[in-house]
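Notes for the structure review
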Amino acid sequence: RLRSKDISGVRRSQYTGERAELLKVRFEKGLQRLVDKGDPDLLIDEPAALGGFGFRGFNKAYNEDTLRFFRMTSLLQDAALLKDFRLPGRRKTVWEIGGGWGGLAFQFKTLCPDVTYLITGQAELFLVSAVYLRTVFPGARVRFYDPADPDAFWRDWDQVDFAFAPECIVAGMRPPSLDLVLDMATLERMTPSRIVRHVEVAYRQECRYFLSACPVGEPDPAFAVPVNPALEARYWLHPVSTPAGLHKRLALPLPGRDAIDRTYRLGCRRLRV
């Protein structure tokens, strides 16, 4: 018997029926705020592939996840980092921790096609994210980690568009380069030792930037683990959005964890620790 559930908390049923109009009004206001303060060209149309759904605005289809990822790329734009990944030159590597269903990877690779996008996390989620990304990028060069030949995963790295590997390989990761780490509230669901492992690997690989959507202060341990202590040990942290901004149901309203204050923090690698 086949069972399924939403990954990010965003469901098609929320976008139909009587309550959908109220949701649309709220999202339209939030979308207008984001567009007014950012670059509307960063708003990527939500594709209809594999059952894509949402509202329409600014001649684009969008849902809550679309806006969440739009906010992430907008923050990178505000920090003057996104242009580094759009310019020709050395091919860069972006590492997303978790990866969800592939939505952020889709937006980032649409905006910055000449990067190698690495996703690590639960292998079962690759059944969703890898299938989705191969569908929306039919010509993409995709690679999966093979424990029988681990060295092969890192060969000819510049020839790979999307690379998928289970979390167990993180400690021994060795991409030829690592330029940006993205964490969409995935680290907060790990144990402190796992969080430290991810941050230490990024630092060891000389990754300059680490953008994390993480809890503020001491969150309820039933829902999240503090991320800042591990990040601050290796990266200078700069808040790039306020907790108040996150409560507008545009960034991170995650099921069962809505009461947690979060902010986006951009980490710049420390030269000395």
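Quick caveat, the model's predicted, so the values are computed rather than measured. (Residues numbered from 1 in each chain as written. Predicted model: local features only at pLDDT ≥ 70, side-chain atom pairs only at ≥ 80, totals over all residues. Heavy atoms only, no water.)

1. Here we look at the packing of aromatic side chains
For the record, the criterion: What counts as a ring pair is set by centres within 6.5 Å for rings of Phe, Tyr and Trp (its six-membered ring), and what kind of pair is set by the plane angle: stacked under 30 degrees, edge-to-face over 60, tilted for all other angles. Under the scheme used here, helices are H or I runs from DSSP no shorter than 4 residues and strands are E runs no shorter than 2 residues, and both carry numbers assigned from the N terminus. Each residue gets one of three labels from its accessible area relative to the maximum for its type: buried under 20%, exposed over 50%, partly exposed in between, using a 1.4 Å probe on protein chains only. Consider the ring centre and the ring normal. A charge sits over the ring if Lys NZ or Arg CZ is within 6 Å of that centre and within 35 degrees of that normal.
By the definition in use, this model includes 16 aromatic pairs. Considering the side-chain rings of Phe 69 and Trp 101, the 6.0 Å spacing of their centres and the 55° angle between planes classify their relative orientation as tilted. Taken together, the residues span a long stretch of sequence, with Phe 69 in helix H2 (residues 64-78) and Trp 101 in the loop between strand E3 (92-97) and helix H3 (103-111) at a distance of 32 residues. Each member of the pair Phe 69 and Trp 101 is classed as buried. An aromatic cluster is defined as three or more aromatic residues linked by ring pairs; in this entry it consists of Phe 69, Phe 85, Trp 101, Phe 106, Phe 108, Tyr 117, Tyr 132, Phe 137 and Phe 162. Over the face of the ring belonging to Tyr 203 we find Arg 269, whose NZ or CZ atom lies 3.9 Å from the ring centre. Geometry around Trp 236 places Arg 270 over its ring, the cationic atom sitting 3.8 Å from the centre.

2. Here we look at the sheet that holds strand E7 (residues 180-184)
Backbone-to-backbone hydrogen bonds pair the strands of a sheet. The strands run either parallel or antiparallel. As a reminder of what qualifies: Note on pairing: two strands pair once DSSP finds at least 2 bridges between them. Note on geometry: axes are lines fitted to C-alpha atoms, helical ones only across the stretch in contact, with angles between N-to-C directions running from 0 to 180 degrees. Residue contacts are counted whenever heavy atoms from the two residues lie within 4.5 Å of one another.
The eight strands lie next to each other as E5-E6-E4-E3-E7-E8-E10-E9, forming an open sheet whose pairing is mixed. A single partner strand is all that each edge strand has here, and the edge strands are strand E5 (142-144) and strand E9 (235-239). Sheet twist, expressed as the mean angle between neighbouring strand axes with direction ignored, is 20°. Pairing analysis gives six bridges linking E3 to strand E4 (residues 115-121), with the strands arranged parallel. Pairing of Lys 92 across the sheet is with Val 115, part of E4. The strands touched by H2 are E7, strand E8 (209-215) and strand E10 (262-269); relative to E7, the strand with the most contacts, the crossing angle is about 145°. Sitting on the sheet, helix H4 (residues 126-136) is in contact with E4, E5 and strand E6 (162-166), with an inclination near 175° to E6.

3. Description of the nonpolar core
Going by this rule: Put simply, a nonpolar core is a bunch of buried Ala, Val, Leu, Ile, Met, Phe, Trp, Tyr and Cys residues held in one set by side-chain atoms that sit within 4.5 Å of each other.
Leu 76, Phe 108, Tyr 117, Leu 133, Leu 180 and Leu 182 are the most contacted members of the largest nonpolar core, which has 46 residues in total. Among all residues touching Tyr 117, those that are not within four sequence positions of it are Val 94, Glu 96, Leu 104, Ala 105, Phe 108, Lys 109, Asp 161, Phe 162, Ala 163 and Leu 182. Residues Ile 97, Val 170, Met 190 and Leu 237 belong to the second largest nonpolar core, which totals 30 residues.

4. Some details on the pattern of salt bridges
Stated formally: By convention in these notes, a salt bridge is any Lys or Arg side-chain nitrogen within 4 Å of a carboxyl oxygen on Asp or Glu.
Taken as a whole and judged by the stated rule, the model has 13 salt bridges. A salt bridge links Arg 68 to Asp 65, with the nearest nitrogen and oxygen atoms 2.2 Å apart. Taken together, the positions of Arg 68 and Asp 65, both in helix H2 and three residues apart, correspond to about one turn of that helix. Residue classification places Arg 68 among the buried positions, given a relative accessible area of 3%. For Asp 65, a relative accessible area of 3% gives the class buried. The closest approach of N and O atoms between Asp 151 and Arg 174, which form a salt bridge, is 2.3 Å. Placement of the pair is Asp 151 in the loop between E5 and E6 and Arg 174 in the loop between E6 and E7, with a sequence separation of 23 residues. Given the relative accessible area of 41%, Arg 174 is considered partly exposed.

5. A closer look at the confidence of the model for the protein
Threshold: As a per-residue quantity, pLDDT reports the predictor's confidence and falls between 0 and 100.
Averaged over every residue, the pLDDT of the protein is 85; the share at 70 or more is 85%. A low-confidence stretch, residues 1-6 (pLDDT under 50), is modelled with one contact involving residues beyond four sequence positions or located in other chains. Note on residues 242-257: pLDDT under 50 across the span, and 53 contacts to partners over four residues away in sequence or across chains.

6. A closer look at the environment of Val 35
Among the structural elements, Val 35 can be located in helix H1 (residues 18-37). Once you skip the residues sitting within four places of it in the chain, Val 35 turns out to touch Pro 40, Phe 58 and Phe 70.

7. A word on H4
Put simply, the rule reads: To be clear, the arc concerns the directions from the helix axis to the C-beta atoms.
Burial in H4 covers these residues: Phe 126, Ser 129, Ala 130, Tyr 132, Leu 133 and Val 136. For H4, the buried positions fall inside an angular range of 160° around the axis, keeping them on one side. Elements that come into contact with the buried residues of H4 comprise H3, E4, E5 and E6.

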